[in-house]
Amino acid sequence: MALGARLRAFAGFVRRRSFSGAAEELRISQPAVSKHIADLERQLGVKLIERRSRALTAAGEHLASHVLRAESLLAQAVRGIAALQEPGLGTLSLMASGTPGTYLLPDMIGSFQRAHPGVRIEFELGTSAEVVKAVRSHRAELGVVGGFVAAPEIEAEPLIEDDIVIVGPPSLRGKRLSRDELESMTWISREEGSATSLLADNAIADMGIMPKTRLALPAWEAIKLAVRHGHGIAAFSRLAVAEELAAGTLIEIPFAPWKVRRIFSIVRIRDATPTPAAQAFLLTLRARWGRQFSSRRKKKR
C-alpha cells in the first residue's frame, strides 16, 4: 500500500512537474506528496528529483517511464472491462488540437456516431500540449495532434501530412512581398502550445525574419477574420484555409524559402489495448486518412 501511494505521488509530480500540481491532481496535501516522494527516494536509495530545478534525475527519468506506462495500462484495462460488459455501448473519450479537431474530425465523428449510436462520445479541443497531457492523465483515450510528441508512455501514429502556408487579406493579391515587408506586418497566431504556431515561429526564426508586431488570438476562426479584415498575416494549415483560398477571401502569400510541413498523428497510450469504441474509431480514422498519407509518402519516394 505504501509503495503504491508513493508511486502515485511520483507519477503525479512527473505529469505536473510540481509538488502543488501533483497534490491538486491526487487531492491530497502538498506536504503529503513531498513525503511520499522522499520516502520513495529513501526506499530506492537514489535521488529522483532535483528540488531546485524540479528536473528529474537519470534515475527519476528511468522510473517515470515505467510508472507512467504501468499506470496508463491499468487505467486502460479498467475502461476495457467496463466496455466489454456492455457490447456496442461504452464511451469514446477523444481530444484533438485546433486544426484536426476543427477541420478533420467533426465530419468523421458525426458519421461514427450514426454507425455506433450506443457509444457516448466525449470530444474536446485544446492545444497539442493539452491533448498530450489529457492522454497522459487518462482524460482522453485517443488524441489527434500536429507536431512531435515526446513522452515515454505515448505512442504517435502518423495519420496525414499537412502544409503550413502564409495567408493574407485579398488586398495583397498578386504582390510579392520582400523580407522587410513581411517583418513590418503584424503576425497573428494562436496562444502558446499551438503546434502550428510553434512550427511557423521556428521557420520564421530560421529564415531570419523578425516581425515587429505580433498578436495572439484564442481561435483559428478569429485569426481568419482578423487577417481577412486586413489586421495582419498568419501561418495556417492549408487544410484550415482551403475553402477561403478557393473562394478568394484569403490569399496565399508566396515566399521562396518558405516550405513548412508537419504530420498529424493519433496519440494514445503505448502498448495499451484500446476499448472497443476506440478501436472502432481508430479503424475509421485509418480508413479515411491513413491511405491518403501512405499514398502521398510513396509518391515522394
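Residues numbered from 1 in each chain as written. Predicted model: local features only at pLDDT ≥ 70, side-chain atom pairs only at ≥ 80, totals over all residues. Heavy atoms only, no water.

**Concerning the environment of Leu-125**
Of note, Leu-125 is situated in strand S4 (residues 120-126). When the C-alpha positions of Leu-125 and Met-95 are compared, they lie 5.7 Å apart, and in sequence the two are 30 residues distant. Excluding anything up to four places from it in sequence, Leu-125 contacts Met-95, Ala-96, Ser-97, Gly-101 and Thr-102. (Helix = DSSP H or I, 4+ residues; strand = E, 2+ residues; numbered from the N terminus. Contact = heavy atoms within 4.5 Å.)

**Side note on the packing of aromatic side chains**
Each aromatic ring pair is specified by the distance between its two centres and by the angle formed by the two planes. Scanning the model with the defined rule gives three aromatic pairs in all. Residues Phe-112 and Phe-281 carry aromatic rings whose centres are separated by 5.2 Å and whose planes lie at 90 degrees to one another, so their mutual orientation is edge-to-face. Separated by 169 residues along the polypeptide, Phe-112 in helix H5 (residues 98-115) and Phe-281 in helix H11 (residues 276-300) bring together distant segments of the chain. Classification of Phe-281 by relative accessible area gives buried; the value is 0%. An angle of 50 degrees between the planes, with centres 5.1 Å apart, marks the rings of Trp-220 and Phe-236 as tilted. Within this pair, whereas Trp-220 is found in helix H9 (residues 220-228), its partner Phe-236 is found in strand S9 (residues 233-237), the two being separated by 16 residues in sequence. Phe-236 carries the same exposure label as Trp-220, and that label is buried. Against the face of Trp-289 rests Arg-288, its NZ or CZ located 3.9 Å from the ring centre. (Phe/Tyr/Trp six-rings, centres within 6.5 Å; stacked < 30°, edge-to-face > 60°. Buried < 20%, exposed > 50% of the residue type's maximum accessible area, 1.4 Å probe, protein only. Lys NZ or Arg CZ within 6 Å of the ring centre and 35° of its normal.)

**As for the environment of Ala-77**
With respect to the secondary-structure elements, Ala-77 resides in helix H4 (residues 58-85). The spacing of Ala-77 and Leu-104 is 27 residues in sequence and 29 Å in space, taken between C-alpha atoms.

**Remarks on the side chain of Thr-57**
Mapping Thr-57 onto the fold places it in the loop between strand S2 (55-56) and H4. Not counting the four nearest positions on each side in its chain, Thr-57 is found in contact with Lys-47, Leu-48, Ile-49 and Glu-50.

**Topic: the environment of Ala-32**
Here Ala-32 is to be found in helix H3 (residues 30-44). Along the sequence, Ala-32 and Ala-205 sit 173 residues apart, while their C-alpha atoms lie 44 Å from each other.

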